[in-house]
Amino acid sequence: MLSIKNLQVSVEEKPILKGLNLEVKPGEIHAIMGPNGSGKSTLAHVLSGREGYSVDAGSAHYKGLNLLEMAPEIRAREGMFLAFQYPIEIPGVNNTSFLKKALNEIRKHRGEEELDAIDFLGLIKKQMKLVEMKEELLKRPVNQGFSGGEKKRNEILQMAVLNPMLAILDETDSGLDIDALRIVAGGVNKLRSAENAFVVITHYQRLLDYIVPDFVHVLSDGQIIKSGTKELALELEERGYDWLIEEAESKA
Amino acid sequence: MNDETNKIAPNNDENIAMSDEQQTIQNITDQDYKYGFVTDIEMEEFPKGLDENIVRMISAKKEEPEFMTEWRLKAYRHWRKQKEPKWPKLKYSEVDYENLYYYAAPKKDGPKSLDEVDPELLATFEKLGVPLEERELLAGVAVDAVIDSVSVATTFKGKLGELGIIFCPISEAIQEHPELVKKYLGTVVPYTDNFYATLNSAVFSDGSFVYIPPGVRCPMELSSYFRINASKTGQFERTLIVADKGSYVSYLEGCTAPMRDENQLHAAVVELIALDDAEIKYSTVQNWYAGNKEGVGGIFNFVTKRGLCGGKNSKISWTQVETGSAITWKYPSCILKGDNSIGEFYSVALTNNYQQADTGTKMIHLGKNTRSLIISKGISAGKSNNAYRGLVKVNSKAENARNYSQCDSLLIGDQCGAHTYPYLEIENPTAQVEHEATTSKVSEDQIFYLNQRGISTEDAVGMIVSGYAKEVFQQLPMEFAVEAQALMSVSLEGSVG
Ligand SMILES: Nc1ncnc2c1ncn2[C@@H]1O[C@H](COP(=O)(O)OP(=O)(O)OP(=O)(O)O)[C@@H](O)[C@H]1O
Ligand SMILES: [Mg+2]
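Notes on the structure follow. (Residues numbered from 1 in each chain as written. Chains lettered and ligands numbered in written order. Predicted model: local features only at pLDDT ≥ 70, side-chain atom pairs only at ≥ 80, totals over all residues. Heavy atoms only, no water.)

**Brief notes about the side chain of T361 of chain B**
Residues and elements named next belong to chain B.
Move 1: With respect to the helices and strands, the residue T361 is situated in strand 13 (residues 356–365).
Move 2: When its relative accessible area of 0% is taken as the criterion, T361 is described as buried.
Move 3: In this structure the side chain of T361 is engaged in a polar contact, spanning 2.5 Å, whose partner is the backbone oxygen of P332.
Move 4: If we ignore the near neighbours within four places in the chain, the residues touching T361 are Y331, P332, S333, F345, I374, Y388, R389, G390 and L391. (Helix = DSSP H or I, 4+ residues; strand = E, 2+ residues; numbered from the N terminus. Buried < 20%, exposed > 50% of the residue type's maximum accessible area, 1.4 Å probe, protein only. Polar contact = N/O pair within 3.5 Å; in protein donor to acceptor, adjacent residues only side chain to side chain. Contact = heavy atoms within 4.5 Å.)

Here it is, written out as structure tokens:
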């Protein structure tokens, strides 16, 4: 589903990703961990088409499509979703109508009929239960005045409504209280299927107790220096990253 | 605030013209067509330039009664003594008034069919969802006059007639209801008002006249059904709306489709009069040709719009969505004379590329317990400049006057400008006046966020802008609001990313 080969990305001449490889297949959950500033969000942004990054080498294919040549909205319509580390506020734009517009753009792209207001409301009510979000937040402008945790839940609600093929969750667990964490993870688990895939970026192995990954990767200084199973996350929790980084350096 | 600014400042508020109206008037000027009358276009051409003779000829052509001719002449003589004002914030080449035609010069070399029309313009119609049959008219294609909507218009005219509502071209009103015209014309915007209004008074081509009798609530939005007629109109439009005691009317002016016109200068006048317990809602969506991306061409829009809340408990609200013109200069205003009267001003002014807009309002509180509300939303993109200028004046006799003003600016990109000039003249200590202002930017983060949810950049900007201007759009009649929001996206095309 997602195939990244030797991806090298820089920002303002500064190399951030330095030859990254990753293969994600349908039905899989991949966790990406790594120290601050190692390039995790950069990877998420480049994959979803944010401007300001220069791809210097390598490739990224999604469902066989050359991802890096696609406009960000087309990637989204093709089923890619990014849950933002810092969700953006959009004053005056109603949360519900925003989400309806987004869903209908995706449906149009797939050649499906657009949902009318009533059908959409039915869908959103159902998906709101997944994330136990307050209904009042639907009537407010997108993310405006939401608490940190509410913003994160709103990301998951959007994911639940848009039902992506490939979802990248950038530190969705940060800033969530323990109950919220369980709810968000529960939402992900309910959406999980044999057809879709998740890339979960996190600093905490705790999240991985709830969302059990098939693979854990460690990103350090723009490269994946180690991949393993969920046990790797436990080991990292105990020992930190230094030993891995040393190990990688001695190999290089 | 510098001195220059003060020159245009509402201190000389009687000198402030409002040019938006011109556009409207032009739109409405094709009324012959609206009502199923076909104008005879084969008029002899008047020479260029302006003198008393031309004024008399215009009046004679329209078979006007003596009082109108005299009024026009007084205006003309006054105009001759005036100098064109200089607007420090606006930059434009001077208009040569001796080189203009002052009597309907019908278009001769318009495109013969849509095939000859600028494809860019057609693409815009497509995006705005302008019905096919309207596109030809809006693009200035020479169409033979008879169109389906003629019969529609006639039907509505009958319905309005039953209620005693008069809605007709002002030229017709001058002939058929001279007593009403004589009683009200020039009472809110006198012919001495300002350079452009004075010129308009002397040479106005046509425009709308509306009279709502006492106690009648006009059952439809006036003019929305006649949008199609908005294309070919004179450059000096004149509109007069009178709401008699206890009546209500909502009037729509303009059109979301981009309007082209060979006349560069537009100087319209709109006068509104609300008597006791009457309410007038006047909405404008204005999208005159703004010139190309380099700022060449485009309409200069100098309009004088003013409403008089003459009676107690009367109310006038102006709602405007301005996206067009190279230069827009207009200050729809309310004179709150009746006790407990209310004035409202809701405005979205969008400028892109090299457009310049200087717009705002004046709320003049004369009566007791008068209230005014100002919601102004400026949007600047490209290299444009957008200025809000507002005056709130509370007369010494206006006990317990209240005003709330909110003036926001939204910037798209970093080469545009937004300026806010609020002026206050408070002569009564019981007045309560509040002013709030904010400036914000459309960020790349916001656009990316919406992109990532499958929404195109164009739609994203449209959504952000519509969200920002929501309070104003909510004031528009539903069908207009939808079009106006689409217009936002189209007008901002290419301004981001
Ligand atoms: N626009 C930018 N300009 C300059 N440097 C940038 C820019 N964006 C990212 N960087 C740098 O790239 C590096 C990687 O940033 P990124 O946000 O991808 O890290 P991260 O792994 O997500 O970190 P965290 O765990 O703190 O979220 C950092 O050193 C960051 O400062
Ligand atoms: Mg990050």
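**Topic: the sheet that holds strand 4 (residues 248–254) of chain B**
Residue and element names in this part refer to chain B.
Move 1: A sheet is described by the order of its strands in space; here 7 strands give the open sequence 4-7-9-12-14-16-18, paired in parallel fashion. Of all the strands in the sheet, the pair left with one neighbour each is strand 4 and strand 18 (432–441). Averaged over all neighbouring strand pairs, the angle between strand axes comes to 5°, with direction disregarded.
Move 2: Across 8 bridges, strand 9 (residues 315–322) lies against strand 12 (residues 342–351) in parallel orientation. Of the residues in strand 12, the one forming a bridge with E322 is A349. (Pairing = 2+ DSSP bridges. Axes fitted to C-alpha atoms, helices over the stretch in contact; angles between N-to-C directions.)

**So, the coordination of the magnesium ion (ligand 2)**
Move 1: Looking at the magnesium ion (ligand 2), the protein donor atoms are S41 of chain A (OG) and Q85 of chain A (OE1), and they sit 2.0 to 2.3 Å from it. Taken together, the residues S41 of chain A in helix 1 (residues 40–48) and Q85 of chain A in the loop between strand 6 (80–83) and strand 7 (90–94) connect sequence positions 44 residues apart. (Donors = N, O, S within 2.8 Å, 3.2 Å for Na, K, Ca; no water.)

**Comments concerning the nonpolar core**
Move 1: Ranked by size, the top nonpolar core spans 101 residues in total, and within it I4, L47, F98, M159 and F198 of chain A together with I379 of chain B carry the most contacts.
Move 2: Among the domains, domain 1 (1–30 + 443–464 + 474–497) and domain 2 (38–442 + 465–473) of chain B are the pair contributing at least three residues each to this core.
Move 3: Excluding residues that lie within four positions of it along the chain, I379 of chain B makes contacts with V348, A349, L350, T351, N386, L410, I412, V465, Y468 and M488 of chain B.
Move 4: Counting 34 residues, the second-largest nonpolar core is a separate cluster that includes V216, M220, Y282 and C309 of chain B. (Core = buried A, V, L, I, M, F, W, Y, C linked by side-chain atoms within 4.5 Å. Domains from an automatic or database assignment.)

**A look at the sheet that holds strand 5 (residues 65–66) of chain A**
Residue and element names in this part refer to chain A.
Move 1: Strand order in the open sheet formed by 4 strands is 2-1-4-5, with antiparallel pairing between adjacent strands. Edge strands, defined here as strands with exactly one partner in the open sheet, are strand 2 (14–24) and strand 5.
Move 2: Across 8 bridges, the pairing between strand 1 (residues 2–11) and strand 2 is antiparallel. If you follow V11 over to strand 2, its bridge partner there is K14.
Move 3: Along the sheet, helix 1 contacts strand 1, strand 2 and strand 4 (54–62); its crossing angle with strand 1, the most-contacted strand, is approximately 110°.

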